[in-house]
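Examination of the molecular architecture
So you can see what is in the structure, the chains are spelled out below.
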Amino acid sequence: MSDYTLVWDSANLDGTNNLSSGGNTVSVDVSTPQNVNGQQFGLTGQVGQGSLESDFPTSPTETIINFNEDVADVQFKLFDVDGGTGWDDQVTVIAYDMDGNQVHPIYGNVTHHTVTGDTIEGDADDVDPSAYVTVTFPVPIATMTITFEHGPDDPQAGYVGIGDISFNEAPAPCFVRGTMIETKHGEIAVEDLVEGDLIRTAD
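Residues numbered from 1 in each chain as written. Predicted model: local features only at pLDDT ≥ 70, side-chain atom pairs only at ≥ 80, totals over all residues. Heavy atoms only, no water.

Remarks on the overall build of the protein chain
Within the protein chain one finds 0 helices and 17 strands. For the protein chain, the spread of C-alpha atoms along the principal axes amounts to about 70 × 35 × 30 Å. Counting all 203 residues of the protein chain, 40% fall into the buried class. For the protein chain, long-range pairs separated by at least 24 residues make up 67% of all intrachain contacts whose partners lie at least 6 apart in sequence. Per element, the accessible surface of the protein chain, about 10,600 Å² overall, is 49% carbon and sulfur. Distance from the positive charge centre (4 side chains) to the negative charge centre (34 side chains) of the protein chain: 25 Å. (Helix = DSSP H or I, 4+ residues; strand = E, 2+ residues; numbered from the N terminus. Buried < 20%, exposed > 50% of the residue type's maximum accessible area, 1.4 Å probe, protein only. Contact = heavy atoms within 4.5 Å. Areas by Shrake-Rupley, 256 points an atom, 1.4 Å probe, with all protein chains shown as cover. Lys, Arg positive; Asp, Glu negative; His and termini not counted. Charge placed at Lys NZ, Arg CZ, Asp CG, Glu CD.)

So this is what it looks like as structure tokens:
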């Protein structure tokens, strides 16, 4: 079970959400900007499931999520990513860690979808809007952008929902034996540091 969950029904959809667990707090900034046609993600109710939704956008819609630190075990569901006569859904998830390294999503529960890199496209009608694919990440992330638009099979998108996002605090970074640490007296192997040694930090 995850320590933190961003619940869309009670979240600030365009601002900061402070989530607390075990005496610690993680800040999550959410942005759901309007596209060029004034459309955006919101709690519209087409998909249900308490999800953040975008319905029939005529140009790409985005949800941008920024954590104030790297967070681990990020997972959520994408509801009703499908395609049929008159629509084709496509979602792209782009994520980075605090150092600016891109982290690629892992899509699960893929049944009638095409996954190409960071993008998933629906190949058949889900019929049931509660059908979903899962999104996870192999390592911690600090930011992600979820973009919804039509796929290559039709010029119109349908509707999709982003489920609540759960995550844990990332473990503190550690150093392997032999890593040289800069100190007041020069570089010293991490295993040779003793209590009281003054080290140079990024700050």
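What about the side chain of Asp88?
Along the chain, the position of Asp88 falls in strand 7 (residues 87–96). This buried residue, Asp88, is left without a salt bridge; Lys77 holds the nearest opposite charge, at 22 Å. Side-chain polar atoms of Asp88 contact the backbone nitrogen of Asp153, separated by 3.0 Å. Excluding anything up to four places from it in sequence, Asp88 contacts Asp82, Gly83, Glu121, Gly122, Glu149, His150, Gly151, Pro152, Asp153, Asp154, Gln156 and Ala157. (Salt bridge = Lys/Arg side-chain N within 4 Å of Asp/Glu carboxyl O. Polar contact = N/O pair within 3.5 Å; in protein donor to acceptor, adjacent residues only side chain to side chain.)

Function-wise, these values are silent; they only describe arrangement.
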